[in-house]
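# Examination of the molecular architecture
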Amino acid sequence: MSFSYSYGRNPYSTAFVWPAWITIPNDGDPFTSDSDYAFSFPLLDRNSFVFESNFKLPTPLSSIKAACVDGVNIKIHPYIAETVLSNVAYISQTNSEITITVANLEGGGSFANDTWYYVYHKVSAGPVFTTVISTVAPHVFLLYKDNAGAQNLTSKYLFSFRTNGSGMIYPFFKSGTYVMYLNARNLLLNGTATGALTSLDCTPFLPPFSHQLMLNFSFRNKNNPPPDFPLPNTCRIYNGLGSFMPILECGTEYFPGNDSVTRTSQIPVVVNDPAQVIYYQILTVTMDPSTLTIDVAGYYE
Amino acid sequence: MATTYTGTPVLNTSITIPQDGDNANAASVNVASQALLDMQVYLLRTYGLTMQSTSPIRVRDDNFNVADTVLIYPIPSVVVDDGGTWKAVFTITNTTLSSTDVEGGGGFVANTWYYVYAYAMMSSCKFQISPVKPDIYGLYKDGTFSHKYICSFKTDGSAHIIGFNKYGNFTQYQQNLSIGGGNSTTQTSLSSDSYIPPITGGTMSRICKVLVQYDNRAGSPLILSMIPRSGASGYPFNIPALGVGTFICDIPADDMRKIYYRCSSNLNNPTILFTMYGYWE
């Protein structure tokens, strides 16, 4: 009569080990509990070992790193990825730095202008492992390529990038989930809007599934003659929630004889969802308009 | 006759197995084997679906209490190979390391990067400080699976540990670490490479965080460009006339772990100082 064997080991109470071997029966051995348990018990223990270890691991220190500095070539630091093809799972890795270009674009051709692209580690029959570029965004988990709402486990998501108006890659540097552009990309140049909040479209600066930008900004007051110059203008930057939450407010001291700039900084700002907008507002109290310039330094995926 | 079985993802903590005297047939043998394969399929899928852990690795210098010591907060699990047997080991109390934990002995050497690894000894978790860098993935000590990478730190010119606090992937320095200063109107490199650890293999560097202090009380407005790579335009920051202030800038370092700056003007000699604030793994 069969009975049940339960896994009862706990890595917090005893040594939790995975020897490199198991004991298996030989031909001619009697079919007894000794011959069967010898391998089925350790196999169950191993399964539990993997399961428990997986969920007790601290945050890994190893992250995906990639960089493009010339608008053409993307270097990818060695990485490890899991893919599944026809119910067979593969753990594969690149052992040295690789470079991908438009030649890795699925379907061939060239990059379109002003388009987001996504890079995947893909397994094909063989198995053959390649690094490919696709216009198909990752599944909502950001783990694998999307397949009509399901995960396409053949293609492990690595990172994304954007092309400019000439089909060139905006140079970037990715480390983990943090992506920084090599050169700040202008979101607002000398904005002067006053009165109601003015929205700023951030969709060209972060992927459709991302919500947080790293912004550089500077607020400049004009040199106003007396009697206005002692009165500071005020500028407000709001996150995607609009007037509900001004994340930054800056006024300026007066500097007779100078164009004055107040508050220059780099701050993370959350965009709205799904509109991917932020807002700004300048409250004019002097004769000449103040200006606000915002650049995007990077984003969190 | 043998046949193939394709697992379906299920995980249980028990299996049903035959007893002595049972018939050695498919009904008695396969039930356990199939269950084990089902679990393995489940586990592999689980690995692919694992999200970021809620448990960051936390390490800091403990110089405030005892000079030149490192404090490692409890770590829930590290998986290491101990002489051919894989073990999951952990710590439940803080661990303090010092120069006596340096691989090979001999204490700390000045101006040297050190790396902390966890390993198994008699099924308990131990730590080692080593000058050997981790592998290209940043997972284990290079060339081993026995020593799990935990953190890195550096010594100063007097062989003292430079104060730091590591929380997950970000290390923030606890000392004022100048990487240069000036007001050059041509691209000028900063000594960021002194405080960003090297990466094994490849040419990638890291994103770092820099504190910028300016004193432009006598000058005119200028634009300070923080530049990640030689020749790039980088990130512009406006420095006000008559102004004194600070800001923090995230910036990727180049292949040589260098960052650069350039001023649009240096009229009346403004003072600008750069301090390394921290870096991401």
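The following paragraphs examine the structure supplied in this document.

Conventions and cut-offs
- Residue numbers here run from 1 along each chain, matching the order of that chain's written sequence.
- Note on labels: chains are lettered from A, ligands numbered from 1, in written order.
- Only residues with pLDDT of at least 70 get local features here, since the model is predicted, and only at 80 or more are side-chain atom pairs given and counted; chain-wide, interface and lining totals rely on the full set of residues.
- The basis for the side-chain values is all heavy atoms of the structure; hydrogens and waters are excluded.
- Exposure classes here rest on a 1.4 Å probe applied to the protein chains alone. A residue is buried below 20% of its type maximum, exposed above 50%, and partly exposed in between.
- Where helices and strands are cited, they refer to DSSP runs of H or I of at least four residues and of E of at least two residues respectively, numbered from the N terminus.
- DSSP calls a pair of strands paired once it identifies at least 2 bridges connecting them.
- Here an angle of 0 to 180 degrees is reported between the N-to-C directions of two axes, which are lines fitted to C-alpha atoms, with helices fitted over the stretch in contact.
- Two residues form a contact once any of their heavy atoms are found within 4.5 Å.
- When two parts are put together, the accessible area they lose, computed with a 1.4 Å probe and summed over both, is reported as buried area.
- Whenever Lys or Arg places a side-chain nitrogen within 4 Å of a carboxyl oxygen from Asp or Glu, that contact is recorded as a salt bridge.

## What to know about the pairing of strand β15 (residues 235-239) of chain B
Residue and element names in this part refer to chain B. With four of five residues buried, β15 lies mostly within the body of the structure. Bridge count between strand β14 (residues 222-227) and β15: five bridges; the pairing is antiparallel. The residue of β15 that forms the bridge with Ser-225 is Pro-236.

## With respect to the sheet that holds strand β17 (residues 259-263) of chain B
All names here are of chain B. Read from one edge of the open sheet, four strands run β12-β17-β14-β15, paired in antiparallel fashion. One side of each edge strand has no neighbouring strand; the edge strands of this open sheet are β12 (188-190) and β15. Going across the sheet, the axis of each strand differs from the next one's by a mean of 30°, ignoring polarity.

## Here we look at the environment of Val-69 of chain A
Within the element layout of this structure, Val-69 of chain A appears in the loop between β3 (65-68) and β4 (74-76). The spatial distance from the C-alpha of Val-69 of chain A to the C-alpha of Tyr-170 of chain A is 8.3 Å, given a sequence separation of 101 residues. Residue contacts for Val-69 of chain A: discarding those within four places in its chain leaves Pro-171 and Leu-182 of chain A together with Arg-229 of chain B.

## Focus on the sheet that holds strand β3 (residues 70-72) of chain B
Residue and element names in this part refer to chain B. Strand order in this open sheet of eight strands is β6-β3-β2-β10-β11-β18-β13-β16, and the pairing throughout is antiparallel. The open sheet terminates on both sides in strands that have one partner only, identified here as β6 (95-97) and β16 (243-252). Mean inter-strand twist for the sheet, computed between neighbouring axes without regard to direction, equals 20°.

## As for the interface of chain B and chain A
Facing 87 residues of chain B, the contacting portion of chain A comprises 84 residues. Carbon and sulfur atoms supply 62% of the area that chain B and chain A bury against each other, a total of about 7300 Å² over both sides. Among the residues chain B hides against chain A, the three largest losses belong to Ile-17, Tyr-137 and Met-204 of chain B. Together they make up 10% of the total. Inspection of the chain B/chain A interface yields one salt bridge. Note that Asp-255 of chain B and Lys-75 of chain A form a salt bridge whose closest N and O atoms lie 3.4 Å from each other.

## A closer look at unusual backbone geometry
All names here are of chain A. In the segment running from Gly-126 into Pro-127, the intervening peptide bond is cis, with an omega of 0°. Examined against the element boundaries, Pro-127 turns out to sit in the loop between β8 (116-124) and β9 (128-134). Here the residue pair Asp-273 and Pro-274 is connected by a cis peptide bond, since its omega of 5° sits within 30 degrees of zero. Here Pro-274 shows up in the loop between β18 (260-270) and β19 (277-283). Not every positive phi belongs to a glycine, and Leu-142 is a case in point at roughly 60°. Counting through the fold element by element, Leu-142 comes out in the loop between β9 and β10 (144-147).

## Some words on the pattern of salt bridges
Under the counting rule described, the total for this entry stands at twelve salt bridges over all chains. The partner of Asp-82 of chain B in a salt bridge is Lys-87 of chain B, and the shortest N-O contact between them spans 2.6 Å. Classification of Lys-87 of chain B by relative accessible area gives buried; the value is 10%. Members of the salt-bridge network, linked through shared partners, are Lys-75 of chain A together with Arg-229 and Asp-255 of chain B.

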